[in-house]
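Chain and residue survey
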Amino acid sequence: IGMSGRFLGASNIEEFWQNLRQGKESIHFFEPKNEKKIPAMGILENRAEFDAAFFEMTPREAEITDPQQRLFLETAYEALEHAGYDPEKYSGRIGVYAGSGQSGYLAHVHSHPAIVDSLGSFQIMLGTQPDFLSTRVSYKLDLKGPSIAVQTACSSSLVSVHMACQSLLTYECDMALAGGVSVKADQSNDLELQEGSILSPDGHCRAFDSNAQGTVIGNGVGVVLL
C-alpha cells in the first residue's frame, strides 16, 4: 500500500520508474580504466545527507551511524507517508523486517579515535551493526509491531518481504515495513577483479545470457509497506 526507495540515478521511485521507461542506464563507469579494477559501479548520490534533527538525533550520533541505517530510517518514514499513514496516530501494530549489507563504515568510524573516545564502543555498536537496523526504525517512529533484522546475504530483502507477509497472515501485526539497504562507504573502483569471481569485467550484467560474465556492485535502498 506504500513504497519508497533511492536508487542509482533516482532519488525516489517516480524517478526510478521514468529511468526504466526510458531505458536509461544508471551504472557509473570509472575513468581512467584500470584492467585490474572493477570498471563500473552503481553509485548512490547524496548518501551522506541526513536530517538528524527530524529524527531527534544529535549531530555526533548521526555522524557515527552507518549511512545504511540513516537512509533506511528515512525511506521507511517515506513509505508510511506514501501510504498516507501517520505512525503517531495509527493505533495498530506496525512491524519492521529488513536487512542491510556490509558497508565498511565501521572502519571509517574507527579511523577517528577522538570520536570513538567521546562516544564509546556501545554507542558505535548501535550505530553500525546490522542487528539494529529494524529496531532503530521501530524506536524512532514509535512502532509497536515485531522488529526483526533479516540477514540472508543477497536474498535479505526478499526474505524480509516473505516474513512480513507471514506476520500479517498470523496477525502478529496490522501493517509491516519490509525491505533492505546496501550502501558501501567507499563507492570507488578500489575492488580488484579476480578470475572466476562474481564481478563483471566489463561493467554489464547479462542475466540468463550466454555472454554473462558476472554481476555489478550496486548501492540503494527500498522499502514497501504491506
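Higher on the page you've got the structure.
Before going into details, it helps to say that this report is about the structure given with it. Fair warning: this is a prediction, and the values are worked out from it, not measured in the lab.

Rules used throughout
- Residues numbered from 1 in each chain as written.
- Predicted model: local features only at pLDDT ≥ 70, side-chain atom pairs only at ≥ 80, totals over all residues.
- Heavy atoms only, no water.
- Axes fitted to C-alpha atoms, helices over the stretch in contact; angles between N-to-C directions.
- Helix = DSSP H or I, 4+ residues; strand = E, 2+ residues; numbered from the N terminus.
- Parallel < 35°, antiparallel > 145°, perpendicular 65-115°, else oblique.
- Left-handed = near helix turned anticlockwise from the far one by under 90°.
- Contact = heavy atoms within 4.5 Å.
- Nonpolar A, V, L, I, M, F, W, Y, C, P; charged D, E, K, R; others polar.
- Buried < 20%, exposed > 50% of the residue type's maximum accessible area, 1.4 Å probe, protein only.
- Pairing = 2+ DSSP bridges.
- Salt bridge = Lys/Arg side-chain N within 4 Å of Asp/Glu carboxyl O.
- Disulfide = S-S within 2.5 Å.

Moving on: the packing of helix α3 (residues 67–83) against helix α7 (residues 133–141). Contact geometry of α3 with α7 gives a least axis separation of 10 Å together with a crossing angle of 50°. Taken as axis vectors, α3 and α7 run oblique relative to one another. Here the hand of the crossing between α3 and α7 comes out right-handed. On the side of α3, the interface is formed by Gln68, Gln69, Phe72, Leu73, Ala76, Tyr77 and Leu80, while α7 contributes Leu133, Arg136, Val137, Lys140 and Leu141. When its residues are assigned to classes, the contact of α3 with α7 shows eight nonpolar, two polar and two charged.

This part takes up the environment of Gly196. Note on placement: Gly196 falls in the loop between β6 (175–182) and β7 (220–225). Distance in space between the C-alpha atoms of Gly196 and Gln213 is 9.2 Å, their sequence separation being 17 residues.

A few words on the environment of Asp51. Examined against the element boundaries, Asp51 turns out to sit in the loop between β3 (40–41) and α2 (59–64). Relative accessible area serves as the criterion here: at 43%, Asp51 is assigned to the partly exposed category. Sequence spacing of Asp51 and Leu191 is 140 residues, and the spatial spacing of their C-alpha atoms is 31 Å.

Bringing the pairing of β6 into the picture now. Counting buried positions along β6 gives seven out of eight residues, so the element sits mostly inside the fold. Where strand β4 (residues 94–100) meets β6, seven bridges bridge the pair, whose relative direction is parallel. Residue pairing across strands places Ala98 opposite Gly179, the latter belonging to β6. Across six bridges, β6 lies against β7 in antiparallel orientation. From the neighbouring strand, Gly180 faces β7, where its bridge partner is Gly222.

Bringing the pattern of salt bridges into the picture now. Applying the stated criterion across every chain, the model contains nine salt bridges. Lys37 is the partner of Glu192 in a salt bridge, and the nearest nitrogen-oxygen pair spans 3.6 Å. Residue Glu192 is found in the loop between β6 and β7, and its partner Lys37 is found in the loop between β2 (28–29) and β3; the two are separated by 155 residues along the sequence. Here Arg60 ties to Glu63 by a salt bridge, and the two come within 2.9 Å at their closest N and O atoms.

Attention now moves to the state of the cysteines. In total, this model carries zero disulfides according to the counting rule given. Of the cysteine sulfurs around Cys165, a residue in no disulfide, the closest is that of Cys173, at 9.9 Å.

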